[in-house]
Amino acid sequence: MPLTHPKILTLDDFSAVKHALPKQYRLVFTNGCYDILHPGHVDLLQRARAQGDGLILGLNSDASVRRIKGEVAGPKRPLNSQDERAFVLAGLGCVDFVVIFDEDTPLELIRAVRPQVLVKGGDWPVSAIVGREVVEADGGQVLSLPLLPGYSTTGLIERILKG
């Protein structure tokens, strides 16, 4: 049975939904792989959502995860497929929309979505956040929110492998 959820949209579907949103709707955007969801992810997503009226999550496709995770981890990641990851993320109350993208960065998705707020985790300085120029040019806000200490997908995988 395919994993579907009404929050999982194509970019075209999201564009139609966005067009119907109230003019004052403050859209927040974040992105990532979200291979194995952990408390650090949920904390960041909840705080991102608190920055506006709705949160759109750009989810890296399986192919883009393999490319951006590099030669060492690339073939082994993602552990969960894009459909599985999208389904789990769509189940979170703080996530309003999930759009899967295949590029290595979310720049084209950000250009299409035009969020008022762009959020990444604190491991990204604002100056290095992809899409910053697009959002700031539209008068929007770009935030690097502190990460919840002690949580990472890589650390979780290492703990699992150590038993």
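Residues numbered from 1 in each chain as written. Predicted model: local features only at pLDDT ≥ 70, side-chain atom pairs only at ≥ 80, totals over all residues. Heavy atoms only, no water.

### Focus: the pairing of strand β3 (residues 97-101)
To keep things clear, this is the line we draw: Throughout, exposure labels follow a simple rule: accessible area from a 1.4 Å probe, protein chains only, divided by the maximum for the residue type, with under 20% read as buried, over 50% as exposed, and the rest as partly exposed. Each helix is a run of H or I in the DSSP string that is no shorter than four residues. Each strand is a run of E no shorter than two, and both are numbered from the N terminus. At least two bridges found by DSSP between two strands is the condition for calling them paired.
β3 sits mainly inside the fold: 4 of its 5 residues count as buried. Here strand β2 (residues 54-60) runs beside β3; their pairing, made up of 5 bridges, is parallel. Bridged to L59 within β3 is I100.

### What about the side chain of H38?
Rules: Two N or O atoms count as a polar contact when they lie within 3.5 Å, although within protein this holds only if one can serve as hydrogen donor and the other as acceptor, and sequence-adjacent residues are included solely when both atoms are side-chain atoms. Two residues form a contact once any of their heavy atoms are found within 4.5 Å.
Among the structural elements, H38 can be located in the loop between β1 (27-32) and α2 (39-49). For H38, a relative accessible area of 10% puts it in the buried group. Within the structure, H38 has its side chain in polar contact with the backbone nitrogen of G40 (distance 3.1 Å). Those residues in contact with H38 that sit more than four places away from it in its chain are Y151, S152, T153 and L156.

### Side note on the environment of L156
In this structure, L156 sits in helix α8 (residues 153-162). Classification of L156 as buried rests on a relative accessible area of 18%. For the pair L156 and L107, spaced 49 residues apart in the sequence, the C-alpha separation amounts to 28 Å. Residues within four places of L156 in sequence aside, it is in contact with I36 and H38.

### Describing the nonpolar core
The tendency in soluble globular proteins is for nonpolar side chains to be buried side by side. Just so we agree on the cut-off: The set of buried Ala, Val, Leu, Ile, Met, Phe, Trp, Tyr and Cys residues whose side-chain atoms join them within 4.5 Å is what this entry labels a nonpolar core.
If you look at the biggest cluster of nonpolar residues, it comprises 19 residues, and the most contacted ones within it are L45, L57, L59, L89, V95, V98 and V119. Every element with two or more residues in this core is listed here: α2, β2, α5 (82-90), β4 (117-121) and β5 (141-145). When near neighbours in sequence (up to four residues on either side) are disregarded, V98 contacts K7, I8, L9, L57, L59, A86, L89 and A90. Grouped together as the second largest cluster of nonpolar side chains are 17 residues, F14, F97, L109 and V134 included.

### Overview of the side chain of D96
Summarising the element assignment, D96 is placed in the loop between α5 and β3. In terms of polar contacts, D96 uses its side chain to reach the side chain of R49, at 2.7 Å. Within the local environment of D96, its side chain forms a polar contact with the backbone nitrogen of L55, the two atoms lying 2.7 Å apart.

### Side note on the packing of aromatic side chains
To keep things clear, this is the line we draw: Any Phe, Tyr or Trp ring, taking Trp's six-membered ring, that has another such ring centre within 6.5 Å forms a pair; planes under 30 degrees apart are called stacked, those over 60 apart edge-to-face, and the others tilted.
With the rule as written, the count across this model stands at 1 aromatic pair. For the ring pair F14 and F97, a centre distance of 5.1 Å and an interplane angle of 70° mean the geometry is edge-to-face. Taken together, the residues span a long stretch of sequence, with F14 in helix α1 (residues 11-20) and F97 in strand β3 at a distance of 83 residues. The residues F14 and F97 share a single accessibility class, namely buried.

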